[in-house]
Amino acid sequence: MTNTRISAQIAFLKEADRLKQVDRSNVLLDLSRPENSAEHSWHLALYALIFAPMADRDVSLDRVIRMLLLHDLVEIDVGDHPIHEAVDWDDVAEREQLAARRIFGLLPEDQAAEYLALWTEFEVDETPDAQFAKMLDRSQPLFQVLYAPAPLPDHLQIVRDNLASGRAAYLQQACPEIYWHAKGLLGEADETITGPVPQWLTFLAEADQLKSIYRASRLIDDSRFENSAEHSWHIMLYAMVLSDQAGQDVQIDRVLRMLLIHDIVEIDAGDAPIHGQVDHAAMAAKEEAAAERLFGLLPQEQYQDLHSLWHEFEAARSPDAMFAKSVDRVQTPIANLENGGGSWVEYKVTLEQIDQRVGVPVKRGAPGLWDWLRPQLVAHFDKMQTA
């Protein structure tokens, strides 16, 4: 694997960091700020995982998750366009095509073609995978309003209009469980929804809190701290793009699912900075209790599956978990090299500490990636010492 290929992949992943700065018209459930498109993409991937039992047999959940990771990257160039505002959609589509070609064009040629095709499939909305992904993309904003403790009146009206005559109106036939549950939350239901949908949405609403858990790491432009939801989206993208750095026995789509849920426990337990002073036994106990509570909001089979997958990631002994851990460790150093040191400065981190806390897990799961990264780390710390 040539360094040129890895460098192109990382250039794309650095550019993707900018999606964390694109605000949407939706707000967080606590109404504290707008939702950004990176954390929205993470939340949609989680919707896909949780709503998977509702998908038709011909839907590939793994492809749906990949679509949703990529689908909003064009907003780096064109921004978000709320569906309730008057917009020249032909003009938007043309500008999004240009953005897709520019952004995916940063990748090696084979991946650029693959990701552009997947993004285009989502936009065209004709295949079973794209239609399931689009259904989720049209549903999440509804419940982002309806599950808020005190929804804003103007947002409630947007939901009503969307269900009556907007993009979500088709859900009455395409997915009546979602449609009538939304109508019920508005107090306008003709029928009561039973089954898992309310339980799924309770979990997904609780997961919204991950967007308010801030990490010690900073965005590449050094403008603010990164939150754990957008971090989860970004390292999923890292794992997908850098999949050729994984061992032959690694199942990348299982890795993506691990990374999708790996930080959910931080809703209760908080973030533990890798270079901070942490009581690891106490943190492990808090995280285990968090996993029990949060995954326990789901039906029993899903609870067992996700709880087991989270434990596998934490143990970091399987090939999938080792690669997932390597990706989780490498994203922040790459950002810190761009933003002047980031969390390394605050925590007075040395190269030796990075070799131990980052290098060891990365070499276990993606040795070629560490070979590419370490010379840059050496150059950075050499420069800091002579500055």
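Residues numbered from 1 in each chain as written. Predicted model: local features only at pLDDT ≥ 70, side-chain atom pairs only at ≥ 80, totals over all residues. Heavy atoms only, no water.

**Considerations on the overall build of the protein chain**
Helix and strand counts for the protein chain come out as 20 helices and four strands. Since a compact globule built from 387 residues should have a radius of gyration of about 21 Å, the 21 Å found for the protein chain is in line with a globular shape. With the principal axes as the frame, the protein chain shows a C-alpha extent of 70 × 50 × 40 Å. Looking at the protein chain as a whole, 54% of its 387 residues are labelled buried. (Helix = DSSP H or I, 4+ residues; strand = E, 2+ residues; numbered from the N terminus. Rg over C-alpha atoms; globule rule 2.2 N^0.38 Å. Buried < 20%, exposed > 50% of the residue type's maximum accessible area, 1.4 Å probe, protein only.)

**Describing helix H12 (residues 228–241)**
Taking 1.5 Å per residue, 14 residues should reach 20 Å; H12 reaches 20 Å between its end C-alpha atoms and fits that length. With 14 of its 14 residues buried, H12 lies for the most part within the structure. Capping of H12 at its N-terminal end is provided by Asn227; its side-chain oxygen lies 3.0 Å from the backbone amide nitrogen of Ala229. (Expected span 1.5 Å × (residues − 1). Polar contact = N/O pair within 3.5 Å; in protein donor to acceptor, adjacent residues only side chain to side chain.)

**Focus: the domain arrangement of the protein chain**
When the domains of the protein chain are assigned, the result is domain 1 (4–208) and domain 2 (248–386). For domain 1 and domain 2, the distance between their C-alpha centroids amounts to 26 Å. The partner domain 2 presents 22 residues to the 21 residues of domain 1 that form the contact. Taken together, both faces of the contact between domain 1 and domain 2 bury some 2000 Å²; the carbon and sulfur share is 67%. When the area that domain 1 buries against domain 2 is broken down by residue, the three leading residues are Leu49, Phe203 and Glu206, summing to 27%. Applying the counting criterion to the domain 1 and domain 2 interface returns four salt bridges. The partner of Arg66 in a salt bridge is Asp253, with the nearest N and O atoms 2.9 Å apart. Counting across the interface, domain 1 meets domain 2 through 10 residue pairs in polar contact (both at pLDDT 80 or more). (Domains from an automatic or database assignment. Contact = heavy atoms within 4.5 Å. Buried area = accessible area lost by both parts, 1.4 Å probe. Salt bridge = Lys/Arg side-chain N within 4 Å of Asp/Glu carboxyl O.)

**Side note on the nonpolar core**
Leu46, Phe51, Leu73, Phe104, Leu237 and Ile261 are the most contacted members of the largest nonpolar core, which has 120 residues in total. Each of domain 1 (4–208) and domain 2 (248–386) contributes no fewer than three residues to this core. In this view, Ile261 contacts Leu46, Leu49, Phe295, Leu306, Leu309 and Trp310; residues no more than four positions away in its chain are not counted. (Core = buried A, V, L, I, M, F, W, Y, C linked by side-chain atoms within 4.5 Å.)

**Here's the deal with the layout of surface pockets**
Of the voids in this model, the second largest pocket is the one considered here, and its volume is about 830 Å³. In this structure, the second largest pocket is lined by 34 residues; those nearest its centre are Asp80, His81, Ile83, Asp137 and Arg167. Elements represented by at least two residues in the lining of the second largest pocket include exactly strand E1 (23–27), helix H5 (89–104), helix H6 (109–124), helix H7 (128–146) and helix H8 (153–165). The dominant element in the lining of the second largest pocket, judged by the number of residues it contributes, is H7, at six residues. By residue class, the composition of the lining of the second largest pocket is 14 nonpolar, 10 polar and 10 charged. (1 Å grid on protein atoms, 1.4 Å probe; cavity = no way out; pocket = protein on both sides within 12 Å on 5 of 7 lines; lining within 4 Å. Points joined across faces, edges and corners; volume = space filled by probe spheres on them. Nonpolar A, V, L, I, M, F, W, Y, C, P; charged D, E, K, R; others polar.)

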